[in-house]
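Examination of the molecular architecture
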Amino acid sequence: MKMYVGNLSFQTTSQELQDVFAQHGEVTDVHLPTDRESGRPRGFGFVTMGSKDAMESAIKALDGSDLDGRSIKVNEARPREDRGGGGGRY
């Protein structure tokens, strides 16, 4: 029941997201990725809810809503694509 939350303000904290999404059901995890080099938030995050009903309620209520002066985008997270990687030399 993981959701993608986009267009977040760099000032938005994981606790704020927890509080906002908890109004729609149990929040089991909040993750705000940070930039590897600067350590700053990247402007998006992931919120995991305890049930599909809670997730659907949160998406319906919060997609397009205002949080910290930004209109946030909320939708069901898609599985991460395998981007290959590993690098190295041949």
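These lines cover the structure that appears in this document, whether it is placed above or below.

About the criteria used
- Residues numbered from 1 in each chain as written.
- Predicted model: local features only at pLDDT ≥ 70, side-chain atom pairs only at ≥ 80, totals over all residues.
- Heavy atoms only, no water.
- Phe/Tyr/Trp six-rings, centres within 6.5 Å; stacked < 30°, edge-to-face > 60°.
- Helix = DSSP H or I, 4+ residues; strand = E, 2+ residues; numbered from the N terminus.
- Buried < 20%, exposed > 50% of the residue type's maximum accessible area, 1.4 Å probe, protein only.
- Lys NZ or Arg CZ within 6 Å of the ring centre and 35° of its normal.
- Pairing = 2+ DSSP bridges.
- Axes fitted to C-alpha atoms, helices over the stretch in contact; angles between N-to-C directions.
- Contact = heavy atoms within 4.5 Å.

1. Some details on the packing of aromatic side chains
In total, this model carries 3 aromatic pairs according to the counting rule given. Ring plane angle 65° and centroid distance 6.0 Å describe the contact between tyrosine 4 and phenylalanine 46, whose orientation is recorded as edge-to-face. With tyrosine 4 in strand β1 (residues 2-6) and phenylalanine 46 in strand β3 (residues 44-49), this pair connects stretches of sequence that are 42 residues apart. Taking the relative accessible area as the measure of exposure, tyrosine 4 reaches 29% and is therefore partly exposed. Feature note: the residues Tyr4, Phe44 and Phe46 constitute an aromatic cluster, connected by ring pairs. We note lysine 2 situated over the ring of phenylalanine 46; from NZ or CZ to the ring centre the distance is 5.5 Å. Between the NZ or CZ atom of arginine 40 and the centre of the ring of phenylalanine 10, over which it lies, the distance is 4.4 Å.

2. Looking at the pairing of β3
Along β3, 5 of the 6 residues are buried, which leaves the element largely enclosed by surrounding structure. With 5 bridges connecting them, β1 and β3 associate as antiparallel partners. Residue lysine 2 lies in a different strand from β3, and its bridge partner there is threonine 48.

3. Describing the sheet that holds strand β6 (residues 73-76)
Read across the open sheet, the 4 strands follow the order β2-β3-β1-β6; overall the sheet is antiparallel. Edge positions in the open sheet fall to β2 (27-31) and β6, since each of these has one partner strand only. Across the sheet, the mean angle from the axis of one strand to that of its neighbour is 20°, orientation sign disregarded. Across the face of the sheet, helix α2 (residues 52-62) comes into contact with β1, β3 and β6 while running at roughly 150° to β6.

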